[in-house]
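Spelled out from the first residue to the last, the chains are:
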Amino acid sequence: MDRAEILERLRSSLSEVLNREVPPLPEEARLFEDLTMDSTSVIELLMVLEDNIGLQVDPEELGPEVFNTVASLVDYVEAGLAKSAKV
Amino acid sequence: MNGGGPEYAATGRAGLSVEALSAATLPFENYLPLNAVRPDLAVLDRLELEHGIPPEHVLVLSPENEDAAGRPGVGALALAGLGAPPAAQPLFLVRSGPLRDSMVAALAQLVHESGWTGEDVGLTYLEELSGTAVFDMLEWAVPPETGATAVICDEPLFVDARVPGRFKAVGLRLRHGEGPLRVLGCGEGAPGVGPGRAEHRFSGRGPCDGWLKLHEALAAGSIRDGDWVLVHARGPLREGWLLVEAVDPASVLLGGDTGRLDAKT
Amino acid sequence: MPGQVGAGDGTDSGAGASPGASASAASPDASAGTDRGAGAGAAASAPGIGLSRVAVRLPGRVESVDGILERAGSGLKERRIFAKLHGLRDSPTLAEDERLEDLLVQAGRAALDGRPAQLVLYGHTLLLMEPDLCGAFRDRLRERLGLPGVPFTGVSHINCTSVLRAVELARRFLNRPGADPAERVLVLGGDQGSRHEHARVVPGLTVAGDTVAAVLVQGPGAGRARYRYLGGALVRDARFHRNLRMSPAQATAFAEAVRVQVVHSVRGAARAAGLELEQLDWVMPHLSNRTMWRGFSNDAGFPWDRICLDLVAERGHNYGVDALMALEHADRTGRLSPGDRCALVAVGQGMYIQTLIVEVLEDS
């Protein structure tokens, strides 16, 4: 799955969590400030990503920087999927 | 009688005064016989020793949490009876035992609904001593610059089915230094000779009982200037006392449930 | 909005935390409502109040968090969140024949280390029907601690901030007029949530265990301390008093409020200690879950690797003792250096956030 596809899957997952159609996500958008997400919706988003694209979340490796921007979240998903592919 | 006796050199360090006293009572409810609760919730062999109630007469507060939204408890009534303090000050909720609804933060509810702005904290495990020996702690815990409010609640876990009872609470507005009821001393254990000489002795088994009787006596005008008053509590395991001097009993602000103190316990 | 109710500085010159200076009316439900108060702050200078090393006692059994959640009827989604995001795995649990009282005595005696104390404060969260913890419990405990007749009071009704609040009250006791500088206060903490399953699970947030901790808070003349108290702050937002009866919307608002207000509390405590948040070396956290602290690290810009979350998986949340437990762990494993400034943080349902700042002293 390339980065563009991850971005699109992220957008559709976010639409599912927020229960509204979310427009295409600029990578520099900040999750909390710009997308007005909160602690609960961030948690739900990760769960939906696990279900929808096979991401395996490891709490020990999930640092706070993941939730800074769309780009940082995509980086995390990219790395997570790559790790799963190697296993 | 004067208050300068040598036996008070050690115990008379309390520098607090009570400037307002409120009282509140509500009928008992939600008590169950022991056989209606899970057996592991009752320690039968210690009931009589520690609570003074033969097991066959014990009623226990229901372990089922009861949502009392919209119905103020005795603590809230006692606090309301004091009115708002002149400036932000700490609130001490002196209450031992389980909450009637453990799913709600009772003190935070009290703070929220009364609009309390000062800090708040609960003091527990004092049981019968909650209205007397607690002053040992209040003396240093009450800030001199603001005073404080203490709400003492008696909503016991175990009660005696043979004895009619009520949930009780008293509210005390406290300040350091001179005031209408000047605290002379307090202690755990029997009052001893000095406190025993008080003109008025208000005793009871629970932490609020003595204060409720004092409230009644103040309302009736039967405390004279300069009288010593002993507030005393004695339960099966513990005894505590508080000695106050009624410097100006007529100026004690009284609030709360004065009309229904006839419901004796 | 909540307010900073009080901040104590490390100079310990008076009665401690001062109450808020102004108020605004609480608004209904979860929309607003404040307890706005004035913060106080002054640089720490005097030798002041010290704390001993923390004594921790773990119960003899461990249960899986997932097993506890399953028994409590939690759905698969919540169980996944607890494991995957919150990082919670195990919860210390009293064994069948174990009593909380015994653990409190062991921890208390370890903290006392043969020294006397003039006051015992027991910080506890739970206010449940526990026959073992009423009646003669208080008198038995102080007898077994070797402190018969010493004043003993429980500190509670403020949920999991009770233990750190007990430390603040201890400081107030030690600073009262006429106090002997050699005095000490034994602070105990711990609850037995495993005896009441419904009290053990905070939906969406955490599962609590039965670990116990004790620390000696001492005056400047009471001998060598391991930590020095520098400052503290309390934030309260009583809109959330409905606690386990909160609606889903209120619970979401609560989680957000905690996320925002923990930063305020830590910043307020740091300033009371004469510091900025960025000057703190460690956060010893309320160990409810990792999720909460990711938010803190992001919002405050505080280094992730300086929040001591080592114990989240194997011990998780243990009511009011989390921050002391984290401090003990960090110290014992050699992660602390003299001069390190540590923020001890506790969060109580209702809502209360208590933060203390302590400085690590040279090891005696």
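Bear in mind the structure is a predicted one, so any value in this text is a computation, not a measurement. (Residues numbered from 1 in each chain as written. Chains lettered and ligands numbered in written order. Predicted model: local features only at pLDDT ≥ 70, side-chain atom pairs only at ≥ 80, totals over all residues.)

S.K.: Sorry, what's going on with the nonpolar core here?
M.R.: The tendency in soluble globular proteins is for nonpolar side chains to be buried as a group. Residues and elements named next belong to chain C. Counting residues in each nonpolar core, the largest one holds 217 residues, and the members touching the most others are Val187, Ala213, Met284, Ala343 and Leu344. In terms of residue count, the dominant contributor to this core is helix 7 (residues 248-272) (10 residues). Each of domain 1 (3-12 + 36-44 + 227-360) and domain 2 (51-218) gives at least three residues to this core. With residues up to four places along the chain from it excluded, the contact list for Met284 reads Cys308, Ala323, Ala326, Leu327, Ala330, Cys342, Ala343, Leu344 and Val345. (Core = buried A, V, L, I, M, F, W, Y, C linked by C-beta atoms within 7 Å. Buried ≥ 20, exposed ≤ 12 C-beta atoms within 10 Å, placed from the backbone. Helix = DSSP H or I, 4+ residues; strand = E, 2+ residues; numbered from the N terminus. Domains from an automatic or database assignment. Contact = placed C-beta atoms within 7 Å.)

S.K.: It is not clear to me how the environment of Pro63 of chain B should be interpreted in this structure. Could you clarify?
M.R.: Its location among the elements puts Pro63 of chain B in the loop between strand 3 (58-61) and helix 3 (74-82). Put simply, Pro63 of chain B and Gly115 of chain B are 52 residues apart on the chain and 30 Å apart in space, counted from C-alpha to C-alpha.

S.K.: Looking at this structure, I do not really get the interface of chain C and chain B. What am I missing?
M.R.: Taken together, the 49 residues of chain C in the interface contact 45 residues of chain B. Sorting the residues of the side of chain C that touches chain B by element identifies strand 1 (3-9), helix 4 (137-144), strand 7 (152-156) and helix 5 (162-174) of chain C as the ones contributing at least two each. Broken down by element, the residue count for the side of chain C that touches chain B peaks at five residues, all from strand 7 of chain C. Taken together, the residues of the side of chain C that touches chain B break down into 25 nonpolar, 14 polar and 10 charged. (Nonpolar A, V, L, I, M, F, W, Y, C, P; charged D, E, K, R; others polar.)

S.K.: Teacher, can you tell me more about helix 3 of chain B here?
M.R.: Note that an α-helix has 3.6 residues per turn; residues three or four places apart therefore point the same way. Residues and elements named next belong to chain B. Along helix 3, eight of the nine residues are buried, which leaves the element largely enclosed by surrounding structure. Looking at the packing, one finds that the buried side of helix 3 touches strand 1 (16-27), strand 4 (91-94), helix 4 (106-114), strand 6 (148-154), strand 8 (166-176) and strand 13 (253-256). Of the residues one or two after helix 3, Gly83 is the one with positive phi, at around 75°.

S.K.: Can you walk me through the sheet that holds strand 7 (residues 158-160) of chain B in this structure?
M.R.: Backbone hydrogen bonds are what pair the strands of a sheet, in a parallel or an antiparallel way. All names here are of chain B. Taken together, the three strands give an open sheet; going across it, the order is 2-3-7, and neighbouring strands pair in antiparallel fashion. Looking at which strands have only one partner, the edges of the open sheet turn out to be strand 2 (31-33) and strand 7. Taken over all neighbouring pairs, the strand axes of this sheet differ in orientation by 40° on average, direction set aside. (Pairing = 2+ DSSP bridges. Axes fitted to C-alpha atoms, helices over the stretch in contact; angles between N-to-C directions.)

S.K.: So what exactly am I meant to see when it comes to the confidence of the model for chain B here?
M.R.: Parts of the prediction with low pLDDT should not have their coordinates interpreted in detail. Residues and elements named next belong to chain B. Counting all residues, the mean pLDDT for chain B is 87, and 88% of those residues have values of 70 or more. Of the regions scoring below 50 in pLDDT, residues 1-13 engages in 15 contacts with residues more than four places distant in sequence or in other chains. Contacts from residues 258-265, a stretch scored under 50 in pLDDT, to residues over four places away or in other chains number 13 contacts. (pLDDT = per-residue confidence, 0-100.)

S.K.: Quick question: what am I supposed to make of the domain arrangement of chain C here?
M.R.: In many reports, interface size means the accessible area that the parts give up when they come together. All names here are of chain C. Once the domains are mapped, chain C shows domain 1 (3-12 + 36-44 + 227-360) and domain 2 (51-218). Of note, the centres of domain 1 and domain 2, computed from C-alpha atoms alone, are 18 Å apart. For the side of domain 1 that touches domain 2, the secondary structure elements donating two or more residues are strand 12 (227-236), helix 8 (290-300), helix 9 (322-332), strand 14 (341-348) and strand 15 (352-360). Top contributing element to the side of domain 1 that touches domain 2 by residue count: helix 9, with six residues. Residue composition of the side of domain 1 that touches domain 2, by class: 17 nonpolar, 14 polar and six charged.

S.K.: Could you clarify how one ought to interpret the interface of chain A and chain C in this entry?
M.R.: Contacts between the two partners involve 14 residues from chain A, matched on the other side by 18 residues from chain C. Residues of the side of chain A that touches chain C, tallied by class, amount to eight nonpolar, four polar and two charged.

S.K.: Before we go on, may I ask you to explain unusual backbone geometry in this structure?
M.R.: Apart from glycine, the bulk of residues carry a negative phi angle, and the bulk of peptide bonds sit in the trans form. Residues Gly350 of chain C and Met351 of chain C are joined by a peptide bond in cis, for which omega reads 10°. By the secondary structure assignment, Met351 of chain C is in the loop between strand 14 and strand 15. Of note, Asn19 of chain A is a non-glycine position whose phi angle comes to about 60°, a positive value. Inspection of the secondary structure puts Asn19 of chain A in the loop between helix 1 (3-18) and helix 2 (39-53). The class for Asn19 of chain A is exposed, based on 6 C-beta atoms found within 10 Å.

S.K.: How should I be thinking about helix 4 of chain B in this particular structure?
M.R.: Residues and elements named next belong to chain B. Of all nine residues in helix 4, seven are buried; the element is thus mostly enclosed. Turning to helix 4, its buried residues are Ala106, Leu107, Ala108, Gln109, Leu110, Val111 and His112. In the segment just after helix 4, Gly115 is the residue with positive phi, at about 70°.

S.K.: Help me out: how do you make sense of the pairing of strand 1 of chain B in this one?
M.R.: Each regular strand displays side chains that alternate between the two surfaces of the sheet. Residue and element names in this part refer to chain B. In terms of residue burial, strand 1 counts as a mostly covered element, since nine of its 12 residues are buried. Across 11 bridges, the pairing between strand 1 and strand 8 is antiparallel. Note that in strand 8 the partner of Ser17 across the bridge is Arg175. In this sheet, strand 9 (residues 181-188) lies alongside strand 1 in antiparallel orientation, the contact comprising two bridges. Bridging from a neighbouring strand, Val18 pairs with Leu181 of strand 9. As paired elements, strand 1 and strand 13 share four bridges and run parallel to each other. Counterpart to Leu21 in the pairing with strand 13 is Leu254.

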